[in-house]
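Tertiary structure, described
Chain by chain, the residues:
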Amino acid sequence: MLNSLHSRIILTVMGIVILTLSGISFFVQKENINTLSEIHDENNRNFLNAVVFNVENEHKSLEFHRQTALNIRKAERKHLVSIGIQVIEGIYQKYRQGLLSEADAKTQAKYMI
């Protein structure tokens, strides 16, 4: 069978075709692996960017709420101080009008505050 020229040509052509297909398959597989690796890396980068974005937004939200709570406490304290001042001024006016003695005015102011 291998003695005929026709058989040798067919076997040679088949060998070349098999080698060519093997080479193409190897390079295509390698390119597919590289492409999948790049896609995987890009997906991981996108995921990390999303996590960083989420953490930054949560931090900003917490900072906003902290600042808002601080502003509310400051406003409440200012309000309490202004009420205290009004109470003391009222007692002082009673003292100036002679309705209270100085000792009674001080005692009442301490009690009210």
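Preceding block: the structure.
To start, this report covers the structure provided alongside it. These figures come from a predicted structure and were not determined experimentally. (Residues numbered from 1 in each chain as written. Predicted model: local features only at pLDDT ≥ 70, side-chain atom pairs only at ≥ 80, totals over all residues. Heavy atoms only, no water.)

Let's shift gears to the overall build of the protein. The helix and strand tally for the protein stands at two helices and zero strands. Its C-alpha atoms give the protein a radius of gyration of 45 Å, clearly above 13 Å, the size a compact globule of 113 residues would have. Across its three principal axes, the protein shows a C-alpha extent of roughly 140 × 15 × 10 Å. When burial is assessed residue by residue, the protein has 4% of its 113 residues classed as buried. For the protein, the accessible area works out to roughly 10,300 Å², and carbon and sulfur atoms hold 64% of it. (Helix = DSSP H or I, 4+ residues; strand = E, 2+ residues; numbered from the N terminus. Rg over C-alpha atoms; globule rule 2.2 N^0.38 Å. Buried < 20%, exposed > 50% of the residue type's maximum accessible area, 1.4 Å probe, protein only. Areas by Shrake-Rupley, 256 points an atom, 1.4 Å probe, with all protein chains shown as cover.)

This paragraph deals with helix 1 (residues 5-97). Because an α-helix completes one turn every 3.6 residues, residues spaced three or four positions apart along the sequence face the same direction. Helix length check: helix 1, at 93 residues, gives a terminal C-alpha distance of 137 Å against a target of 138 Å (1.5 Å per residue), a fit within 8%. Among the residues making up helix 1, those that are buried are Ser7, Gly84 and Ile91. Looking one or two residues past helix 1, Gly98 carries a phi angle of roughly 90 degrees, positive in sign. (Expected span 1.5 Å × (residues − 1).)

Another aspect to go through is the packing of aromatic side chains. Evaluation of the coordinates by the stated rule reveals two aromatic pairs. With a centroid separation of 5.3 Å and 70 degrees between ring planes, the pair formed by Phe26 and Phe27 is classed as edge-to-face. Ring centres of Tyr92 and Tyr95 lie 6.2 Å apart, and the angle between their planes is 35 degrees; this geometry places the pair in the tilted category. Of the two residues, Tyr92 and Tyr95 both sit in helix 1, three residues apart, roughly one turn of that helix. Among the residues examined, Tyr92 registers a relative accessible area of 44% and is labelled partly exposed. (Phe/Tyr/Trp six-rings, centres within 6.5 Å; stacked < 30°, edge-to-face > 60°.)

Take the environment of Ser101 next. Note on placement: Ser101 falls in the loop between helix 1 and helix 2 (102-112). Only 3.1 Å separates the side chain of Ser101 from the backbone nitrogen of Asp104, close enough to count as a polar contact. (Polar contact = N/O pair within 3.5 Å; in protein donor to acceptor, adjacent residues only side chain to side chain.)

Right, let's get into the environment of Ser7. Within the secondary structure, Ser7 sits in helix 1. Overall, Ser7 belongs to the buried group, its relative accessible area being 17%. Residues Ser7 and Asn49 lie 42 residues apart in sequence; the distance between their C-alpha atoms is 62 Å.

Time to look at the environment of Gly23. Mapped onto the secondary structure, Gly23 falls in helix 1. Residues Gly23 and Leu36, 13 residues apart in the sequence, show an inter-C-alpha distance of 20 Å.

We now examine the pattern of salt bridges. Oppositely charged side chains may form a pair once their charged atoms are brought near each other. Applying the stated criterion to the full structure yields two salt bridges. As a salt-bridge pair, Arg66 and Glu63 come within 2.7 Å of each other at their nearest N and O atoms. Within this pair, Arg66 and its partner Glu63 are both found in helix 1, separated by three residues, close to a single helical turn. Classification of Arg66 by relative accessible area gives partly exposed; the value is 45%. Measuring nitrogen to oxygen at the nearest pair gives 3.2 Å for the salt bridge that ties Lys106 to Glu102. Taken as a pair, Lys106 and Glu102 lie in helix 2 at a separation of four residues, close to a single helical turn. (Salt bridge = Lys/Arg side-chain N within 4 Å of Asp/Glu carboxyl O.)

Keep in mind these values describe shape, not function.
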